[in-house]
Amino acid sequence: IAHAAHELRSPLTAVNLQIKMLQKEAPDSKTALHLMSGILRLQHLVQQLLDLAKQGETTQLNAENILLQDLLLDEVQDLYPLIEKKKIDLSLDAPDKKIELLINRHALHLTLRNLLDNAVKYTPELGKVQISINPSSLVSARSMIELIIEDSGIGIAEHEYENIMQKFYRINNVGIGSGLGLSIVEKSLEKLDAKIQFEKSSSLNGLKVTLWIPLQS
């Protein structure tokens, strides 16, 4: 999978550039717009396949000291173009004191990126996404950080919670997404020794995802 995904990256990048040139020449072309949308979906899928392949590797990356708030802000910044385009009200409720973790940075990055990407992607225009951090959560007698991501999107039916982390699983009433994002999250959580829970958001009526992340993995 990794080899095939790598082989697809270069031609997709070349097609992307050609479509951008076409858009400059014909900025009102709906055909070019649809082509670009399709290429971006394919590039996203290729990146997810690469992420999934890397997560399956046996080599363990060393834990690093990271600041949770800083990593979260980096992930939000990467998603800012889509947040701005959809005029989503995104808020972060975090302690003033920086939370330091000794953890596999790449695995946590993939977890946060995919969960935030889903929250923004499935939230309608003018919707809301809320991120909150509770630094004093205890799970199984271990000190863990509780991180909650809620959105005002379409949500997920409770009976689908047990299936949504399967590879290529897609919710019946949704036609977007590759069905790989939460599979990547599941592999990342194993490396982090972290926990996850899905439920309906009582405040925003969309999906509420709760993560419990160890201070040290």
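Residues numbered from 1 in each chain as written. Predicted model: local features only at pLDDT ≥ 70, side-chain atom pairs only at ≥ 80, totals over all residues. Heavy atoms only, no water.

## Some details on helix H4 (residues 105-121)
Definition in use: A run of H or I in DSSP counts as a helix once it spans at least four residues, and a run of E counts as a strand once it spans at least two, with each numbered from the N terminus. The span one expects for a helix is its residue count, reduced by one, times 1.5 Å. Relative accessibility under 20% of the residue-type maximum defines a buried residue, over 50% an exposed one, and the middle range a partly exposed one, all with a 1.4 Å probe and only protein chains included.
Taking 1.5 Å as the rise per residue, H4 with 17 residues should run 24 Å; its terminal C-alpha atoms sit 24 Å apart, in good agreement. Of all the residues in H4, the buried ones are Ala107, Leu108, Leu110, Thr111, Leu112, Asn114, Leu115, Leu116, Asp117, Asn118, Ala119 and Val120.

## Re helix H3 (residues 68-85)
Applied cut-off: The angle between axes fitted to the seven residues ending at a residue and the seven residues starting there is what we call the bend at that residue.
Taking 1.5 Å of rise per residue, the 18 residues of H3 would be expected to cover 26 Å, and the 26 Å separating its terminal C-alpha atoms lies within 8% of that figure. The principal kink in H3, of about 55°, is found at Leu79, preceding the proline Pro81 by one to four residues. All of the buried residues in H3 are Leu68, Gln69, Leu71, Leu72, Glu75, Val76, Leu79 and Ile83. Lys87 occupies a position one or two residues after H3 and carries a positive phi of about 55°.

## Examining unusual backbone geometry
Non-glycine residue Asp193 carries a positive phi angle of around 60°. For Asp193, the location among the structural elements is in the loop between helix H5 (181-192) and strand S6 (195-200). Classification of Asp193 as partly exposed rests on a relative accessible area of 38%. Unusually for a residue other than glycine, Asn205 sits at a positive phi of about 70°.

## Observations regarding the confidence of the model for the protein
Caution is warranted with low-pLDDT regions, since their predicted coordinates should not be read in detail. Going by this rule: A residue's pLDDT is the confidence the predictor assigns to it, expressed on a 0 to 100 scale.
Summing up the model confidence of the protein, the mean pLDDT is 81 and the portion of residues at 70 or higher is 76%. Least confident of the elements in the protein is helix H2 (residues 30-55), whose mean pLDDT is 69; most confident is strand S2 (residues 89-93), at 95.

## Points about the packing of H3 against H4
Where we set the bar: Between N-to-C directions, angles span 0 to 180 degrees; the directions come from axes that are lines fitted to C-alpha atoms, helices contributing only their stretch in contact. Working definition: roughly parallel below 35 degrees, roughly antiparallel above 145 degrees, roughly perpendicular at 65 to 115 degrees, and oblique for all remaining angles. Definitions for this section: a left-handed crossing has its near helix turned counterclockwise from the far helix by less than a right angle. A right-handed crossing has that turn clockwise. Two residues qualify as a contact provided that any one of their heavy atoms is within 4.5 Å of a heavy atom in the partner residue.
Running from amino to carboxyl end, H3 crosses H4 at an angle of 40°, the nearest separation of the two axes being 10 Å. Taken as axis vectors, H3 and H4 run oblique relative to one another. Both H3 and H4 take part in a crossing whose hand is right-handed. Counted together, Leu68, Leu71, Leu72, Asp74, Glu75, Val76, Leu79, Leu82 and Ile83 of H3 and Arg105, Leu108, His109, Leu112, Arg113, Leu116, Asp117 and Val120 of H4 form the full contact between these two elements.

## Comments concerning the side chain of Thr111
Among the secondary structure elements, Thr111 is positioned in helix H4. When its relative accessible area of 0% is taken as the criterion, Thr111 is described as buried.

## Here we look at the nonpolar core
As a reminder of what qualifies: Definition of nonpolar core: a set of buried residues of the types Ala, Val, Leu, Ile, Met, Phe, Trp, Tyr and Cys, connected through side-chain atoms within 4.5 Å.
By size, the foremost hydrophobic cluster in this structure holds 37 residues, and its most contacted members are Leu68, Leu72, Leu101, Leu108, Leu112 and Leu147. Of all elements in the fold, only H3, strand S3 (100-103), H4, strand S4 (128-139), strand S5 (142-151), H5 and strand S7 (207-214) reach the threshold of two or more residues within this core. In terms of residues, this core owes the most to one element, H4, which gives seven residues. The contact partners of Leu101, leaving out residues within four places of it in the chain, are Glu64, Asn65, Ile66, Leu68, Leu108, Ile145, Ile213, Pro214 and Leu215.

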